[in-house]
Amino acid sequence: MAHIKCIGVLTSGGDAPGMNAAIRAVTRAAIYNGYRVVGIKRGYYGLVYNEMEEFTSRSVSNIIHHGGTILKTARCKEFTTAEGRRIAHDNMVAAGIDALVVIGGDGSLSGARIFAEEFDVPVVGLPGTIDNDLGGTDMTIGYDTALNTIVDAVDKIRDTATSHERLFFVEVMGHMAGYLALNGAIASGAEAAIIPEMETEIDQLADLVSRGFRKSKNSAIVLVAENPETGGALGLAERVKREFPEYDARVTILGHLQRGGSPTAADRILASRMGAQAITALCEGQRNVMIGIKNGELVYVPFSKATTNKRSIEAAQTDIVKILSI
Ligand code: ATP
């Protein structure tokens with residue numbers, strides 16, 4: 001696109017390991033292709049409150065291996081209003097920014113879609129979220145690292161669960177998507193995963209107990225996707241105490257531990273490929289798309305599909321946990 005001279009890059013919403021690798025790739029691919037780059041701080045907040053900084057290729061040195069995001073991230077209420085987005089656009093124009101690369105999750109890409117439509121600005125998104133809950137992509141940046149963090153934690157919990165012959169509920173993130181819980185359970189050899197895509201939590205718990213899952217085993221670990229409505233792992237443990245007092249149930253909530261840490265090689269490679277592709281997309285005149293990955297190939301996913309067309313978890317995937325935990 002001949003009229004693009006300067007690209008703004010921001011990270012928004014929940015942080016995810018690999019965001020730095022994505023910022024680095026966007027910055028260097030843009031500079032390589034002759035564009036100026038401006039780093040926007042604290043997500044959309046930096047656009048609304050003018051917190052921006054000219055980036056050189058050295059601005060992103062030595063960050064590929066760090067978790068978090070050097071640009072910081074935030075949730076910005078102002079940007080959800082038309083007035084806030086108008087101020088953001090005025091600031092963007094004043095800074096000479098012609099196009100944006102937004103790295104974030106569901107909400108961030110919804111904001112990007114609305115902004116792009118309102119002001120006719122080319123915006124390309126990168127899926128940056130540990131939840132793996134965006135449509136049109138097999139994988140999001142940060143998911144693999146979070147999954148490995150969960151597996152590492154569950155391996156440690158297994159040692160103590162076995163020693164004390166306990167039932168552990170391990171709560172992981174992803175209250176709208178059970179990928180972390182399900183694949184965390186498969187990879188750590190957990191006895192079950194309780195995820196939002198399946199029948200209600202109560203039914204899943206009853207099913208577990210009716211299978212007598214602990215009878216021939218000296219420990220059991222159930223991964224539970226966080227769930228503010230039902231109380232997640234704590235809610236389940238309370239219920240076990242009341243209804244199945246024969247089980248010695250404990251709870252571990254992994255919480256923000258899952259967001260941090262050095263990104264895995266898989267996340268660094270994904271973020272680097274997607275970041276470079278975001279610049280290729282802008283060069284090709286693409287706009288209002290998220291870079292996704294399908295069967296190993298990078299693809300362009302319209303924002304509307306990325307944010308509304310959630311992938312479903314197949315029953316076959318949940319069956320694996322059941323079959324392999326006999
Ligand atoms: P995660 O999946 O890790 O939670 P996210 O990107 O979904 O990340 P949100 O808190 O949902 O995180 O959104 C981040 C920011 O995006 C919001 O604080 C707001 O500034 C902007 N945003 C979200 N939804 C909208 C919307 N409908 N319109 C405008 N801006 C939005």
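Definitions and cut-offs
Residues numbered from 1 in each chain as written. Predicted model: local features only at pLDDT ≥ 70, side-chain atom pairs only at ≥ 80, totals over all residues. Heavy atoms only, no water. Near = heavy atom within 4 Å. Polar contact = N/O pair within 3.5 Å; in protein donor to acceptor, adjacent residues only side chain to side chain. Helix = DSSP H or I, 4+ residues; strand = E, 2+ residues; numbered from the N terminus. Nonpolar A, V, L, I, M, F, W, Y, C, P; charged D, E, K, R; others polar. Core = buried A, V, L, I, M, F, W, Y, C linked by side-chain atoms within 4.5 Å. Buried < 20%, exposed > 50% of the residue type's maximum accessible area, 1.4 Å probe, protein only. Domains from an automatic or database assignment. Contact = heavy atoms within 4.5 Å. Buried area = accessible area lost by both parts, 1.4 Å probe. Salt bridge = Lys/Arg side-chain N within 4 Å of Asp/Glu carboxyl O. Axes fitted to C-alpha atoms, helices over the stretch in contact; angles between N-to-C directions. Parallel < 35°, antiparallel > 145°, perpendicular 65-115°, else oblique. Left-handed = near helix turned anticlockwise from the far one by under 90°. Pairing = 2+ DSSP bridges. Phe/Tyr/Trp six-rings, centres within 6.5 Å; stacked < 30°, edge-to-face > 60°.

### Comments concerning the site of the ligand
In the vicinity of the ligand lie 16 residues, with Arg-75, Cys-76, Gly-105, Gly-107 and Ser-108 positioned nearest. Gly-14 has a polar backbone atom sitting 3.3 Å from an oxygen atom of the ligand. With respect to the ligand, the backbone of Cys-76 contributes an N or O atom lying 2.6 Å from an oxygen atom. It is helix H4 (residues 106–119) that provides the largest number of residues to the shell around the ligand, a total of 5 residues. Broken down by class, the residue content of the shell around the ligand amounts to 4 nonpolar, 9 polar and 3 charged.

### Some words on the nonpolar core
Counting 61 residues, the largest nonpolar core has Ile-7, Val-101, Leu-126, Leu-180 and Leu-223 as its most contacted members. Element by element, the count of residues in this core is highest for helix H5 (residues 143–164), at 8 residues. Here this core gathers at least three residues from each of two domains, domain 1 (6–142 + 263–308) and domain 2 (143–259). Residues in contact with Ile-7, not counting those within four places in the same chain, are Ala-30, Tyr-35, Arg-36, Val-37, Val-38, Ile-97, Ala-99, Val-101, Ile-279 and Leu-282. By size, the runner-up hydrophobic cluster in this structure holds 25 residues, among which are Tyr-44, Ala-112, Val-301 and Phe-303.

### Brief notes about the domain arrangement of the protein
What the domain assignment lists for the protein is domain 1 (6–142 + 263–308) and domain 2 (143–259). Its C-alpha centre places domain 1 at a distance of 33 Å from the equivalent point of domain 2. On the side of domain 2, 12 residues touch domain 1, which itself brings 17 residues to the contact. Each partner contributes to the roughly 1,100 Å² buried at the junction of domain 1 and domain 2, and carbon and sulfur atoms together form 57% of this total. The tally of links from domain 1 across to domain 2 stands at 1 salt bridge. The partner of Asp-15 in a salt bridge is Arg-259, and the shortest N-O contact between them spans 3.9 Å. At the boundary of domain 1 with domain 2, the tally comes to 9 residue pairs in polar contact (both at pLDDT 80 or more).

### Some words on the packing of helix H3 (residues 82–94) against H4
Two measures define how a pair of helices packs: the angle their axes make with one another and the distance between the axes. The geometry of H3 relative to H4 is characterised by a closest axis approach of 11 Å and an angle of 70° between their N-to-C directions. Taken as axis vectors, H3 and H4 run roughly perpendicular relative to one another. Seen along the crossing, H3 lies across H4 with a hand that is right-handed. Here Arg-85, Arg-86, Ala-88, His-89 and Met-92 of H3 come into contact with H4, specifically with Ile-114, Phe-115, Glu-118 and Phe-119.

### Re the sheet that holds strand E5 (residues 123–127)
Sheet strands pair via backbone hydrogen bonds, and the direction of the pair is either parallel or antiparallel. Strands sit in the order E3-E2-E1-E4-E5-E10-E11 across an open sheet of 7 strands; the sheet is mixed. Every other strand in the sheet has two partners, leaving strand E3 (52–55) and strand E11 (297–302) as the edge strands with one partner each. If you compare each strand with its neighbour and ignore which way they point, the axes differ by 30° on average. Where strand E4 (residues 99–104) meets E5, 5 bridges bridge the pair, whose relative direction is parallel. Within E5, the position partnered with Leu-100 by the bridge is Val-123. Of the strands in this sheet, E4, E5 and strand E10 (289–294) are in contact with H4, which crosses E4 at around 160°.

### A closer look at the side chain of Asn-91
The residue Asn-91 is located in helix H3 in this model. Judged by its relative accessible area of 13%, Asn-91 falls in the buried class. With residues up to four places along the chain from it excluded, the contact list for Asn-91 reads Leu-47, Val-48, Tyr-49, Asn-50 and Met-52.

### Concerning the sheet that holds strand E9 (residues 249–253)
The strand order across the open sheet built from 4 strands is E7-E8-E6-E9, with neighbouring strands paired in parallel fashion. At either margin of the open sheet sits one strand with a lone partner, and together these are strand E7 (192–194) and E9. This sheet shows a mean twist of 25° between the axes of neighbouring strands, independent of strand direction. Across the sheet, helix H8 (residues 232–243) is in contact with strand E6 (167–172), E7, strand E8 (220–225) and E9; its angle to E6 comes to roughly 155°.

### Notes on the packing of aromatic side chains
Summed over the entire model, instances satisfying the criterion amount to 4 aromatic pairs. Aromatic pair Phe-115 and Phe-119: ring centres 5.3 Å apart, planes at 55°, arrangement tilted. Separated by 4 residues within a single helix, Phe-115 and Phe-119 lie in helix H4, roughly one turn from each other. Taken together, the ring pairs in this structure connect Tyr-44, Phe-79, Phe-115 and Phe-119 into an aromatic cluster.

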